[in-house]
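Okay, here's what each chain looks like letter by letter:
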Amino acid sequence: MKYSNIPSAQSIVFHCQAQGIKDIIISPGSRNAPLTIGFTENPFFRCYSIVDERCAAFFALGISQQSARPAALVCTSGSALLNYYPAIAEAFYSDIPLIVISADRPPYKIDIGDGQTIRQENVFAKHIAYSANLVLDPTAFKSPISSKPSEPQEVQEHNDRELNTAFNKAIVGRGPVHINVPFEEPLYETISSMTVSPNIRKETVSGTSIVEDYTDFLTTWNNSTRKMVLVGTNPPNSIADAFLEVLGTDNSVLVLTETTSNLYHPNFFPSIDSIVAPLEKLEDRDKHFRDLRPQIVLTIGGMIVSKKIKAFLREYSPDHHWHVGPKKAYDTFFCLSQHFKIEANEFFKTFLKGTAKVESNYYDHWNETRKRYRVKRENYLKEIPFSDMFAFSSILRSIPKGYQVQLANSSTVRYAQLFDMDPSLEVFSNRGTSGIDGSTSTAIGASMYCKSPTLLLTGDLSFLYDSNALWNDHIRADFRIIVINNGGGGIFRILPGKEATENFEKFFETVQNIELKKLCSLFDLDYALAQNEKDLSDLLSEFYKKSERPKLLEIRTPRFRNDKILLTYFDFLS
């Protein structure tokens, strides 16, 4: 087996293997050659070559999202590193582990006009769990101006400390870390055995901070007749069914779930906006909102998609907001009063033993509302013409059981929120920063670790923005993409402030007429186009069948109709 002759490169590769980091996503370059040699020559690693660093980072994010282990990114020096930033920010806010390894020029070559150099140390300081800055190997030190370098043993000890801290922050702390390593030329020389013996220090997950005495909280809970459990982004199968059953059969509890929550129970409320939005339009709006206002909000999981529920809980503030989660709690409604730093299952195992059901009509009242809106929704869907909303209704009914579904941001995830998802589906979306920039790359990366097929459901701008994601040799034949193409950023026609002007169409809606068929031809994807109800029905019946290549289905909907149909939907419900 070949090794780079540079000790710090050997150390990084050794640490990755010792910590069980198998997935290495490499973007080509020269300065990172010592790392590329070390990883690709070692059969322990699964190495992926992805040219576009922004796509590579989201691809790695998808792998880490599914494997629950960090994937490692490797890039050359200069601006290449900066292209990782969007995915790093997403990982930071979504608590997804990533290891970013950037090759750098020697320190004495920074800011002197040398090519392909930027200030790489601590470049992600605001959105990173840890920045490890390794020291240049003294045997390669060629600076004409710097003082004598440290001794090799001192350098090795420093680099091992930095590497151990970084890896443990990523694995135990579940966040992105950045390792910056300077290399001096020559970069391509190899040897047949290692010249260093790195010191590995592994940390294990420490016991979470458990509130041992829940007495006061249980008293508050058991005296409250209106409790709301709100679940944001949440991994599949992460909360035991027994606990869901207790919550779902308590008349004083409303469990509101989002599409990305991956929680299902017949008594849960999965379409939050279909309840909240119609209330905004009623004459006695305030009375209904006060009836809905909970005394306690208990949140689980990550970011909340629904703007309606956030606005409601900020205006009609609960008496208590408790969050359950081992890492962090967001004060989303400006009334956070308790953070239980513990996994949800551990919390419920203890807490629910002390709860008592109280007499309440909270669930029954809002369940009647839910029944009415479900009937009205079905009636509305029978009336509307071909549109975004019609397409989403048809698509979500068509997805085969057991699929992984990756949702792009903006209007895609919000439309999906209006419908019930089959409980067998596993649903994901980049909701940490809610950007449209890496949805396709994330989905392709996530499919690497999924036994079942993956469907990416995306809008046209999100898909086009990340079209370099298809410049990828790792797309599975069972990977499926559905693009809802309404000719631009359709969500801006729904948001307040829309004006039918040339500037609006150019700078907000961003009208586009790009032919997706040509992109599919370029990247060797099967392509189909639906422009009406019959096309869509016929094509969906064939779309998921086994194929030799990935498939893309483009659904073209009328640009000037979608906003009216969606807004009228909430009027119809009210």
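Here the structure is a predicted model, which means the values were calculated and not measured. (Residues numbered from 1 in each chain as written. Predicted model: local features only at pLDDT ≥ 70, side-chain atom pairs only at ≥ 80, totals over all residues. Heavy atoms only, no water.)

Trainee: It is not clear to me how unusual backbone geometry should be interpreted in this structure. Could you clarify?
Mentor: Keep in mind that most residues, glycine aside, have a negative phi and that most peptide bonds are trans. With an omega of 5°, the peptide bond running from Glu 185 to Pro 186 counts as cis. Position of Pro 186 among the secondary structure elements: in the loop between strand E7 (176–182) and strand E8 (190–191). Residue Arg 174 is not a glycine yet carries a positive backbone phi of 50°. In this fold, Arg 174 is placed in the loop between helix H5 (152–171) and E7. The class for Arg 174 is partly exposed, based on a relative accessible area of 32%. Here Ser 434, not a glycine, exhibits a phi torsion of approximately 60°, which is positive. In this fold, Ser 434 is placed in the loop between strand E15 (426–429) and helix H15 (439–447). (Helix = DSSP H or I, 4+ residues; strand = E, 2+ residues; numbered from the N terminus. Buried < 20%, exposed > 50% of the residue type's maximum accessible area, 1.4 Å probe, protein only.)

Trainee: Got a minute to help me understand the packing of aromatic side chains in this structure?
Mentor: For any pair of aromatic rings, geometry is given as the distance between the ring centres together with the angle between the planes. Scanning all chains against the criterion turns up 29 aromatic pairs. Geometrically, the ring pair formed by Tyr 569 and Phe 570 is tilted, given 5.2 Å between the ring centres and 55° between the ring planes. This pair shows no difference in class: Tyr 569 is buried, exactly as Phe 570 is. Taken together, the ring pairs in this structure connect Tyr 214, Phe 217, Trp 221, Phe 243, Trp 322, Phe 340, Phe 347, Phe 348 and Phe 351 into an aromatic cluster. A cation over a ring is seen here: Lys 22 above Phe 44, with NZ or CZ 3.8 Å from the ring centre. The ring of Phe 543 has Arg 480 lying over it, and the distance from NZ or CZ to the ring centre is 6.0 Å. (Phe/Tyr/Trp six-rings, centres within 6.5 Å; stacked < 30°, edge-to-face > 60°. Lys NZ or Arg CZ within 6 Å of the ring centre and 35° of its normal.)

Trainee: Is there a simple way to explain the sheet that holds strand E11 (residues 296–300) in this structure?
Mentor: The strands making up a sheet associate through backbone hydrogen bonding, with each pair oriented either parallel or antiparallel. Judged by pairing direction, the sheet is parallel, and its five strands sit side by side in the order E10-E9-E11-E12-E13 without closing on themselves. Strands with a single pairing partner mark the edges of an open sheet, and in this sheet they are strand E10 (253–257) and strand E13 (336–340). Across the sheet, the axes of successive neighbouring strands diverge by a mean angle of 20°, strand direction being ignored. (Pairing = 2+ DSSP bridges. Axes fitted to C-alpha atoms, helices over the stretch in contact; angles between N-to-C directions.)

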